[in-house]
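Structure assessment
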Amino acid sequence: MAMNEKDLAPPAEPASAIRPGLMSRHHLEDLGVRAASGLVLVATAVGSLFAGGWLFVLYWLIAALAVHWEWQRLIGAPLPWLRFFSGGFALCAAAVLYRLGLTELAFAMIPLAAAFAAWAGGSGFLLWSGFGLFYAGGLLLATLSLRHAPFFGVCAIGWLFAVVWGTDVCAYFGGRLIGGPKLAPRISPGKTWSGFLVGVVFGAAFGAFVAHVWPNVQAPLAPVFLLGLAAGAVAQGGDLFESWVKRRYGVKDSSRLIPGHGGVMDRLDGFIAAAIFAALFGMARGLPSAAAGLLYWQ
């Protein structure tokens, strides 16, 4: 949902022509469309967060269904509609079950659907077809797990938004202004080590600030900042992973669902990875909720 460095780089310019601080006319014209779409996505995501309840579930279910559709379409395996509708049914069932408090059944839906998708994908697509359900299901269940906590839930998602969006935006501008060695030139030629470091540090700082000033939560700065560093790095890794998948299948965007941005996967690649990481980390601490595991350090 936030701006990503790899997609905002001007496609018509050769890599040798890109210098720190340079923004082409094409880039500036395209930036307006991207910024407008990005603001709409941010506003709706924040609105669903504070609304909570079924509206929050519906928002992230739609996002997960879009990711599932784009993934199954992208890999080009056989029986795409069978894989999409069976997996979509599983995602819908998982969302409803989780909201009704049947969390174990909700989590069980994803591996069952992944196994069916792997079978439907056939030889040569077993891993890719099945993994798409874990990718989309991970987004859905991670966000629901974090938001579900009655006390820490809203702040936990707010912290995650601040870390991921801050990392994406600051990595883009840091890389453009500073330049330097490429992070992974064979996967995402626009990414630099300077952008990665600037993005991760500033994203962690934004997240720590949000959690620290959040009313009644006031999480301590140091541990939440360190956790934000890890989450920001994971988000950048998720961005690179999706770029690698698209490069493997020879496509630029996962779809054209979002004007100026490409697909939902293109906007949520880093968020998916960071959300899954945050939910697993929070659960691993053994506190009453995954959100408490992120923010409670007394």
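This structure is a prediction, so every number in the text was calculated from the model and none was measured.

Reading the values: the criteria
Residues numbered from 1 in each chain as written. Predicted model: local features only at pLDDT ≥ 70, side-chain atom pairs only at ≥ 80, totals over all residues. Heavy atoms only, no water. Helix = DSSP H or I, 4+ residues; strand = E, 2+ residues; numbered from the N terminus. Buried < 20%, exposed > 50% of the residue type's maximum accessible area, 1.4 Å probe, protein only. Contact = heavy atoms within 4.5 Å. Patch = residues over 30% accessible without salt bridge, like charges linked within 9 Å, V, L, I, M, F, W, Y side chains within 5 Å. Areas by Shrake-Rupley, 256 points an atom, 1.4 Å probe, with all protein chains shown as cover. Salt bridge = Lys/Arg side-chain N within 4 Å of Asp/Glu carboxyl O. Core = buried A, V, L, I, M, F, W, Y, C linked by side-chain atoms within 4.5 Å. Phe/Tyr/Trp six-rings, centres within 6.5 Å; stacked < 30°, edge-to-face > 60°. Lys NZ or Arg CZ within 6 Å of the ring centre and 35° of its normal. pLDDT = per-residue confidence, 0-100. Expected span 1.5 Å × (residues − 1).

Another point: the overall build of the protein chain. Scanning the protein chain from N- to C-terminus turns up 11 helices and two strands. Seen in sequence order, the protein chain has helices and strands lined up from the N terminus as α-α-α-α-α-α-α-β-β-α-α-α-α. The burial tally for the protein chain puts 53% of its 298 residues in the buried class. For the protein chain, the share of sequence-separated contacts (at least 6 apart) that also reach a separation of at least 24 residues comes to 71%.

Here we come to a nonpolar patch on the surface. Among the surface-exposed residues, Trp-54, Val-96, Leu-100, Leu-102 and Leu-105 lie close enough to one another that they form a single nonpolar patch of about 480 Å² accessible area. The residue Leu-105 is located in helix α5 (residues 103–121) in this model.

The next subject is the nonpolar core. Core analysis: the largest hydrophobic core is formed by 68 residues, its most contacted members being Trp-60 and Trp-159. For this core, the element with the most residues is helix α3 (residues 53–75), which contributes 12 residues.

Our next topic: the packing of aromatic side chains. Enumeration over the complete set of coordinates arrives at 29 aromatic pairs. In this structure an aromatic cluster arises from ring pairing among Trp-71, Trp-128, Phe-131, Tyr-135, Phe-241, Trp-244 and Tyr-249. The positively charged end of Arg-147 is found above the aromatic ring belonging to Phe-56, 5.8 Å away from the centroid. Taking the ring centre of Trp-297 as reference, the NZ or CZ of Arg-285 above it sits at 3.8 Å.

Confidence in the prediction of the protein chain, expressed as mean pLDDT, is 89, and 89% of residues score 70 or more. Every residue in residues 1–24 is under pLDDT 50, and counting partners more than four places away or in other chains gives 66 contacts.

The phi torsion at Asn-216 lies on the positive side, around 75°, for a residue other than glycine. Residue Asn-216 is classed as exposed on the basis of its relative accessible area, which comes to 65%. For Gln-218, which is not glycine, the phi dihedral falls at a positive 45°. With respect to the helices, strands and loops of the structure, Gln-218 is situated in the loop between α8 (193–213) and α9 (221–248). On the basis of relative accessible area, Gln-218 is assigned to the exposed category, the value being 52%.

Quick look at α8 now. Here α8 contains 21 residues, and its C-alpha end-to-end distance of 30 Å stays within 8% of the 30 Å for a straight helix at 1.5 Å per residue. Buried within α8 are the following residues: Ser-194, Gly-195, Phe-196, Gly-199, Val-200, Gly-203, Ala-204, Gly-207, Ala-208 and Ala-211. Packed against the buried residues of α8 are α7 (153–178), β1 (182–184), β2 (188–192), α9 and α11 (290–295).

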